[in-house]
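Residues per chain, in single letters:
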Amino acid sequence: MATDELPSAAAAAAAVAPAAVGEESGGFSFSIWPPTQRTRDAVVRRLVDTLGGDTILCKRYGAVPAADAEPAARGIEAEAFDAAAVSGAAAASVEEGIKALQFYSKEVSRRLLDFVKSRSAAAKADAAAAAASFAEEALAATSEGEAVEQQPAE
């Protein structure tokens, strides 16, 4: 799977807040870190689209139902933000802010991938357990059926 297929928080941030360059110019002050709530909401929307849409992740690991996608996306984004906030809390310079935003973007992608992989593994384990249970029940039913058939024949 190519990394360009994962959602990029930095790309979402650039689409939502292209003027956030983190430098002072003409009396205006822009900072790149922390991202605005609007940017964070855009990241969540992108995650929801990725989890439930027609994406490579969904084809490989299975789509997440819409009811589960929104809370999962909010959790992924919040955890990534918290992790990045620890490392970029004192982003005094533009370079430190950019590093914090890059870390945030990587954390969002990593946590998204971890989420879909764990969900897929859990679904496979549930399916395997259900198949094993069905096989045991079928075997037990077959054994009981043979025992019933043999008794009248005696």
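Look up a bit, the structure's there.
What you see is a predicted model; the values in this text were computed from it and never measured. (Residues numbered from 1 in each chain as written. Predicted model: local features only at pLDDT ≥ 70, side-chain atom pairs only at ≥ 80, totals over all residues. Heavy atoms only, no water.)

J.: Got a minute to help me understand the pattern of salt bridges in this structure?
T.: Opposite charge on two side chains lets them pair, provided their charged atoms get close. Tallying each qualifying case throughout the model produces nine salt bridges. E79 is the salt-bridge partner of R111, the closest N and O atoms lying 3.2 Å from each other. Taken together, the positions of R111 in helix α5 (residues 94-153) and E79 in helix α4 (residues 66-88) put the pair 32 residues apart, joining distant regions of the chain. A relative accessible area of 44% places E79 in the partly exposed class. Residues R110 and E107 are paired through a salt bridge, measuring 2.9 Å at the closest nitrogen-oxygen approach. In this pair, R110 and E107 are both assigned in helix α5, three residues apart and thus about one turn of the helix distant. The exposure class assigned to E107 is buried, which follows from its relative accessible area of 9%. Three or more residues are tied together by salt bridges with common partners; here these are E79, E107, R110, R111 and D114. (Salt bridge = Lys/Arg side-chain N within 4 Å of Asp/Glu carboxyl O. Helix = DSSP H or I, 4+ residues; strand = E, 2+ residues; numbered from the N terminus. Buried < 20%, exposed > 50% of the residue type's maximum accessible area, 1.4 Å probe, protein only.)

J.: What is the right way to read the nonpolar core from this model?
T.: Generally speaking, nonpolar side chains in soluble globular proteins are found buried as a group. Of all hydrophobic cores here, the largest spans 23 residues; its most connected members are W33, L47, L51, Y104, L112 and V116. Looking at this core, the elements with two or more residues in it are α2 (37-52), α3 (56-61), α4 and α5. Among residues more than four places away in sequence, those in contact with L51 are C58, A63, V64, A69, A72, A73, L112, F115 and V116. (Core = buried A, V, L, I, M, F, W, Y, C linked by side-chain atoms within 4.5 Å. Contact = heavy atoms within 4.5 Å.)

J.: Got a minute to help me understand the packing of aromatic side chains in this structure?
T.: Aromatic ring pairs are reported here in terms of the distance separating the ring centres and the angle at which the planes meet. Taken as a whole and judged by the stated rule, the model has three aromatic pairs. Taking 6.3 Å as the distance between ring centres and 90 degrees as the angle between the ring planes, the aromatic pair formed by F81 and Y104 counts as edge-to-face. Placement of F81 in helix α4 and of Y104 in helix α5 is noted, with a sequence separation of 23 residues between them. The class of Y104 is buried, set by a relative accessible area of 0%. By the ring-pair criterion, three or more aromatic residues cluster together here, those being W33, F81 and Y104. The ring of F81 carries R40 above its face, with NZ or CZ at 3.7 Å from the centroid. (Phe/Tyr/Trp six-rings, centres within 6.5 Å; stacked < 30°, edge-to-face > 60°. Lys NZ or Arg CZ within 6 Å of the ring centre and 35° of its normal.)

J.: Honestly, unusual backbone geometry in this entry has me stumped. Any pointers?
T.: Among all residues except glycine, the phi angle is most often negative; among peptide bonds, the trans geometry is most common. Omega for the peptide link from W33 to P34 comes to 0 degrees, which places this bond in the cis form. The residue P34 is located in the loop between β2 (28-29) and α2 in this model.

J.: Even after reading the chapter, I still don't get the environment of E79, so can you show me in this structure?
T.: E79 sits 28 residues away from E107 along the chain, and the two C-alpha atoms are 8.3 Å apart. Polar contacts involving the side chain of E79 include one to the side chain of R111, which spans 3.2 Å. (Polar contact = N/O pair within 3.5 Å; in protein donor to acceptor, adjacent residues only side chain to side chain.)

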